[in-house]
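# Coordinate analysis (summary)
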Amino acid sequence: MPPNSVRHARLIRDTNLFATAAQVGVTMRKEAPVLFRQLEYFVAVAQEQHFGRAAKKCHVSQPTLSAAIAKLERELDVTLIERGHSFVGLTPEGERLLTWA
């Protein structure tokens, strides 16, 4: 765990949903709202198991979707998706977030 990370219950804010970081088992590096759209993109990738198809499903470009998920991972200070040359799978933290989302 990076030294500047502090495990505590902070609100993750999106459009209409509220949960604490502790509920999904993650640590937040800084106060930053997790947008509903980032969660929507994450769920689409988990369902499609392919970044390109998930982007098409969300009506955005693949780089836009990838950047949003990377930003979500930075804000939560955790890797959610195992990546190789393509989608490999969800990390345990990604599985917990998917259950919540």
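Look up a bit, the structure's there.
What counts, and where the lines are drawn
- One numbering rule holds for all chains: residues counted from 1, following each sequence as written.
- Where totals are concerned, whole chains, interfaces and linings use all residues; where local detail is concerned, this predicted model gives features only for residues with pLDDT of at least 70, and gives and counts side-chain atom pairs only at 80 or more.
- For the side-chain quantities, the full set of heavy atoms in the structure was used; hydrogens and water were omitted.
- Helix and strand definitions follow DSSP, with helices as H or I runs of at least four residues and strands as E runs of at least two, each counted in order from the N terminus.
- We call two residues in contact whenever any of their non-hydrogen atoms come within 4.5 Å of each other.
- Think of a salt bridge as a Lys or Arg side-chain nitrogen and an Asp or Glu carboxyl oxygen that are within 4 Å of each other.
- Each residue's exposure class comes from its accessible area (1.4 Å probe, protein chains only) as a fraction of the maximum for that residue type: buried when under 20%, exposed when over 50%, partly exposed otherwise.
- A pair of strands counts as paired when DSSP detects no fewer than two bridges linking them.
- Interaxial angles span 0 to 180 degrees and are taken between N-to-C directions of axes, which are lines fitted to C-alpha atoms, for helices over the stretch in contact.
- Relative orientations are named as follows: roughly parallel for angles under 35 degrees, roughly antiparallel for angles over 145 degrees, roughly perpendicular for angles from 65 to 115 degrees, and oblique for any other angle.
- When the near helix sits turned anticlockwise from the far one by under a right angle, the crossing is termed left-handed; a clockwise turn instead gives a right-handed crossing.

Once that is clear, we can look at the overall build of the protein. Counting secondary structure elements, the protein contains 4 helices and 4 strands. Long-range contacts, defined here as pairs at least 24 residues apart, represent 43% of the contacts in the protein between residues at least 6 apart.

The full count for this structure, using the stated rule, is 4 salt bridges. Between glutamate 48 and lysine 57 there is a salt bridge, with the nearest N and O atoms lying 3.8 Å from each other. On the basis of relative accessible area, glutamate 48 is assigned to the partly exposed category, the value being 26%. One salt-bridge network, held together by shared partners, links Glu48, Arg53 and Lys57.

We now examine the pairing of strand 4 (residues 87-90). Where strand 3 (residues 81-83) lies against strand 4, 3 bridges are found, and the strand directions are antiparallel. Its bridge partner lying in strand 4, isoleucine 81 is registered against leucine 90.

Attention now goes to the packing of helix 1 (residues 36-48) against helix 2 (residues 51-58). Contact pair helix 1 / helix 2: the axes reach a minimum separation of 8 Å and the direction vectors enclose 130°. In terms of their interaxial angle, helix 1 and helix 2 are classed as oblique. Helix 2 is crossed by helix 1, and the crossing has right-handed handedness. When helix 1 is examined against helix 2, the residues Glu40, Tyr41, Ala44, Val45, Gln47 and Glu48 are found in contact with a partner set consisting of Phe51, Arg53, Ala54, Lys57 and Cys58.

Here we come to the side chain of threonine 91. Tracing the sequence through the fold places threonine 91 in the loop between strand 4 and helix 4 (92-100). Residues in contact with threonine 91, not counting those within four places in the same chain, are Thr79, Leu80, Ile81 and Glu82.

Take unusual backbone geometry next. Positive phi, close to 60°, is recorded for histidine 59, a residue that is not glycine. Tracing the backbone through its elements, the reader meets histidine 59 in the loop between helix 2 and helix 3 (62-76). If you check the backbone angles, aspartate 77 has positive phi at about 60° while not being a glycine. Mapped onto the elements of the fold, aspartate 77 is located in the loop between helix 3 and strand 3.

For the pair helix 1 and helix 3, interaxial distance at closest approach is 9 Å and the crossing angle is 110°. One element, helix 1, and the other, helix 3, form an angle in the roughly perpendicular class. For the pair helix 1 and helix 3, contact is made by Gln38, Leu39, Tyr41, Phe42 and Val45 and by Leu65, Ala68, Ile69, Lys71, Leu72 and Glu75, respectively.

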